[in-house]
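Notes for the structure review
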Amino acid sequence: MDLLGFARGPALKVALAIFCLGVAWRIAGFALLRIRRDLNKPRASPPRFLTEGLIAVGTRSWPHPEFIARTGAGEALGYSYHLGLFALVLLFGPHIAFLGSLFGISWPGLPSSLITVISVLTLALFLAVLFRRVTNPVMRMLSNFDDYFSWFITMLVLVTGLAATAHIGAPYQTLLALHILSFDVLLVWFPFGKLMHAFYIFPSRAINGALLARKGATS
Amino acid sequence: MSRLSEIPIRIEPPPALGGLGGGVTAILSELISLLERLTNSQESAAIDLRSLPMNVDDLAELRRALGEGEVRATLDAEGISAIRETKVPGVWWVEHRDRHGELMAELIEVTRMPQILMTASEEIATGARLLREQIALRSVARRPLTV
Amino acid sequence: MPHSDAEVTVGEMLRRHGISRRGFIKFCTAAASAMALPPAMGVAMADQLAHALRPSVLYLSFQECTGCLESLTRSFAPTIENLIFNVISLDYDDTLMAAAGEAAESARTKAMQDNFGKYVLIVDGSVPTGAGGAYCTAGGHSAVETLREAAKGAAAIVCVGTCSAFGGIPFADPNPTGAWPVTAIVGDKPIINVSGCPPIPEVITGTLLQFVTTGKVPELDEHLRPKVFFGNTIHDRCYRRPFYDEGKFAKSFDDEGARNGWCLYELGCKGPTTYNACATVKWNGGTSFPIESGHGCLGCSEPGFWDKGSFYAAQSTALWGKAGESSPREVLELTASAVAAGAVIGVASAGVSRLRQHRSEQNADERESNGDN
């Protein structure tokens, strides 16, 4: 079996299985966390918790005006590359074919040239993000292996993907195999690092909003 | 499954195959350098037109650019070949066809004369021998019959 | 079938057949063009060949469909007739030769004896080793035996077709006959793989002509294929490449995109990973090639192409299971069972954690109440 067959075949299967297992494990753990029983009288009715929770997901997605000066740039950078990643993952022909082969569904995509532009911009943003993490003293102090490795593995998928589409650096077969293999590694790493924020942020913000609503506060 | 006639068709002009219009100019530039080489070092050269990604229009444009010269030679060996000097002296357009008229090769040669037209030295000796045999036959034919 | 005439040069054979020097130059120019060699090589080739001796060539067919020989006989440049009568001395080919049975076999053994160490061995078809080699026998000898015997006196071996080069269709899963490519059976002779299912006619004859002219094995890639023909992928030379670059893909056969000649990547074209000359030399004397006729490349000149998944699944798709492409149902089963397993582990670990927390709280309470006392 050649490298490409391995990457698309057994490696992908195992990676997908580990991904699902890991995500389910961590979500179960998260859902079963003990919350200290609040003995206070609730300041709002349960339906309001829900709505407040959902509103919190929105309001906590952007810093309060007082903090924008300090964190606005970082937030904007983050959102930009996330949008870039979603666009190129979900709207590029071969990716749609890949996901379609797994789930049996299909949807229209964007022209490849536009995707290339988006990919290059996303790559630049990724480098900017690393630069910020390394030069900002607070961020540097807070950063750990999880931060750097999560950045690295996502970056590797992006770079190998660009190289494969542009056919530079190695024969196409090898580049495509490396791209899919690095995606397999990403899948395996996903449940065990900070990439789990993809599943955590919305419940986390919603729960915080709900708890605050119970206490009669809004955020 | 829709019927063939129900599938909508839109005819789009084919895309310009990435900068190939400039291909003719590139070939002409290369011919200039080959002609210079011919002048300086007497070295002949050839461009295989099949090795270049040219479409029908590019080929026609190249033909127009080079034009037709004074010399037109037809070679009849395993099919007909057309060897023409273009309006550009030293630039020859060579088309080789096989017995079925299929195009076997198409070249542009930069040379004083394409080598295929020249008679080979070893064949000249054969030519002399053929003529001697001819003369021998003629003298036999003219000898009066002795009764 | 002309008998082996070791002392006759190619030039002499041409003269005997009334082919003039100029006719031969034309033939060599066309062959050089077909092989993408510089035109000057045509004249040089004519010169060299004219003084070269016609090598003896033996063509052995094993586990094959005869498609490769059919392809060879359709070559335009050089034509098979040209090749057989002028350039090589084809001393054995059980499909083409007039003789049969004992007469044919004795012609073969005589040619092998007379030209020991100098003949070119062409092989098509894979070699089965199962059941002691019984799956392919001719004249009472298995293919393995015949190949090993013939290889001993060969100057070089040219494997024509994916079957002899890489095992081909008999070698595909589950390979019931124990088929192997020639390289697995013979290890001590120069081997040239001219792969393809079948290979392009001019690629076969061009490779033979190049070997006969130069007497040397041409530059080969890591799969022992001549780089002059197998150096680029179909994708690198495909005329539909601008559509690939623009992201214009045909979604199904005969849809609007397909009718406009858009890229066939999503219809399973293996062009990007297949090395062959189809996009430049093309088929039927330069008429067309699969993609130009609207069907994606099968990747037929690559090893194991029968086992690389569906011909109609894009190269970026998931590929597991023997059948090739994965079905959404399989994927659902896999993910569902993995999620279930993960949930179980998660609940179990949460349970253990809670138990520990409960116990430590109990201990803390006990210590507090003991401390009070």
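Bear in mind that the values here come from a model prediction, so they are computed numbers and not experimental data. (Residues numbered from 1 in each chain as written. Chains lettered and ligands numbered in written order. Predicted model: local features only at pLDDT ≥ 70, side-chain atom pairs only at ≥ 80, totals over all residues. Heavy atoms only, no water.)

**Brief notes about the domain arrangement of chain C**
Rules: Start and end points for every domain follow an automatic or database-based domain assignment.
Split into domains, chain C comes out as domain 1 (1-54) and domain 2 (55-225 + 328-373). Here the C-alpha centroids of domain 1 of chain C and domain 2 of chain C sit 33 Å apart.

**Looking at empty space enclosed by the protein**
Applicable threshold: In the cavity and pocket records, a cavity denotes points on a 1 Å grid over the protein atoms alone where a 1.4 Å probe fits but cannot get out, a pocket denotes an open set with protein on both sides within 12 Å along at least 5 of 7 lines, and lining residues are residues with an atom within 4 Å of a point. Grid points are joined across faces, edges and corners, and a volume is the space filled by probe spheres set on the points. Numbering of helices and strands runs from the N terminus, with a helix taken as a DSSP run of H or I at least four residues long and a strand as a DSSP run of E at least two residues long. As a working rule, the residues Ala, Val, Leu, Ile, Met, Phe, Trp, Tyr, Cys and Pro are called nonpolar, Asp, Glu, Lys and Arg charged, and the rest polar, with Gly in that last group.
Inspection of the entire model under this criterion finds 4 cavities of 30 Å³ or more. Taken as a whole, the largest cavity encloses approximately 150 Å³ of empty space. What lines the largest cavity is a set of 17 residues, among which R8 of chain A together with K270, T273, K308 and Q315 of chain C lie closest to the centre. Considering each element in turn, the lining of the largest cavity owes the most residues, 3 residues, to helix α1 (residues 3-8) of chain A. Classifying every residue of the lining of the largest cavity by side-chain character gives 5 nonpolar, 7 polar and 5 charged.

**Points about the packing of helix α3 (residues 40-50) of chain C against helix α11 (residues 201-214) of chain C**
Residue and element names in this part refer to chain C. Operational definition: Axes here refer to lines fitted to C-alpha atoms; in helices the fit is confined to the stretch in contact. Angles between the N-to-C directions go from 0 to 180 degrees. Here a crossing is called left-handed whenever its near helix is offset anticlockwise from the far helix by less than a right angle, and right-handed whenever the offset is clockwise. Contact definition: two residues touch when any of their heavy atoms are within 4.5 Å.
In contact at an axis separation of 9 Å, α3 and α11 are set at 60° when each is read in the N-to-C sense. Considering the relative orientation of α3 and α11, their crossing is left-handed. Side by side, α3 and α11 meet where M45, Q48 and L49 of the first sit next to L209, V212 and T213 of the second. Taken together, the residues that form the contact of α3 with α11 break down as 4 nonpolar, 2 polar and no charged.

**Concerning the environment of Y135 of chain C**
Residue and element names in this part refer to chain C. Quick note on the threshold: Burial here depends on accessible area, computed with a 1.4 Å probe over protein chains only, as a share of the maximum for the residue type. Under 20% is buried, over 50% is exposed, and the range in between is partly exposed.
Looking at where Y135 falls in the secondary structure, it is placed in the loop between β4 (127-128) and β5 (137-138). The class for Y135 is partly exposed, based on a relative accessible area of 49%. Placed 72 residues apart in sequence, Y135 and Q63 show a C-alpha to C-alpha distance of 8.5 Å.

**Here's the deal with helix α9 (residues 172-189) of chain A**
Convention followed: Every helix has an expected span of 1.5 Å times one less than the residues it contains.
Taking 1.5 Å per residue as the helical rise, α9 of chain A with its 18 residues ought to reach 26 Å, and the 26 Å between its terminal C-alpha atoms agrees with that figure. Elements in contact with the buried residues of α9 of chain A: α1, α2 (10-31), α5 (93-103) and α8 (145-166) of chain A together with α14 (241-246) of chain C.

**Quick look at the interface of chain C and chain A**
Selection criterion: By convention, the term buried area covers the 1.4 Å-probe accessible surface removed from two parts as they join, with the contributions of both added. Here, a salt bridge means any Lys or Arg side-chain nitrogen found within 4 Å of an Asp or Glu carboxyl oxygen.
Each partner contributes to the interface: chain C provides 39 residues, whereas chain A provides 34 residues. In total, about 3,200 Å² of surface goes out of reach between chain C and chain A, with carbon and sulfur atoms giving 63% of it. Along the contact surface separating chain C from chain A lie 2 salt bridges. The partner of R34 of chain A in a salt bridge is E361 of chain C, and the shortest N-O contact between them spans 3.2 Å. Breaking the side of chain C that touches chain A down by element, the ones donating at least two residues are α14 and α16 (328-372) of chain C. For the side of chain C that touches chain A, the class distribution of residues is 19 nonpolar, 13 polar and 7 charged.

**Section: unusual backbone geometry**
For the bond running from D173 of chain C to P174 of chain C, omega is 0°, close enough to zero to count as cis. Along the chain, the position of P174 of chain C falls in the loop between α9 (168-171) and β8 (179-180). Here the bond from C197 of chain C into P198 of chain C is cis, since omega is -5°, no more than 30 degrees from zero. Along the chain, P198 of chain C falls in the loop between β9 (191-194) and α11. With phi around 55°, H167 of chain A is a residue other than glycine that occupies positive phi space. Structurally, H167 of chain A is set in the loop between α8 and α9. Backbone geometry at K282 of chain C places phi at a positive 60°, although glycine is not the residue there. In this structure K282 of chain C comes out as buried when scored by relative accessible area, which is 19%.

**Focus: the pairing of strand β1 (residues 56-61) of chain C**
The side chains of a regular strand alternate between the sheet's two faces. Residue and element names in this part refer to chain C. Note the cut-off: Being paired, for any two strands, means DSSP has found at least two bridges between them.
Counting buried positions over the 6 residues of β1 gives 6, a clear majority of the element. Burial along β1 is two-sided: S56, L58 and L60 facing one way and V57, Y59 and S61 facing the other are all buried. Sheet analysis places β1 next to strand β2 (residues 89-93), joined by 4 bridges and oriented parallel. Note that in β2 the partner of L58 across the bridge is Y92. In the sheet, β1 pairs with strand β3 (residues 119-124) via 5 bridges, with the strands oriented parallel. Counted as the bridge partner of L58 is L121 from β3.

**Regarding the side chain of S150 of chain A**
Residues and elements named next belong to chain A. Keep this limit in mind: N or O atoms closer than or at 3.5 Å make up a polar contact, with two conditions inside protein: a donor-capable atom paired with an acceptor-capable one, and, for residues adjacent in sequence, both atoms drawn from side chains.
Looking at where S150 falls in the secondary structure, it is placed in helix α8. Here the side chain of S150 touches D146 through a polar contact of 2.8 Å, landing on its backbone oxygen. There is a polar contact of 3.0 Å between the side chain of S150 and the side chain of W189. Beyond its immediate stretch of four places on either side in the chain, S150 contacts F145, W189, K194 and L195.

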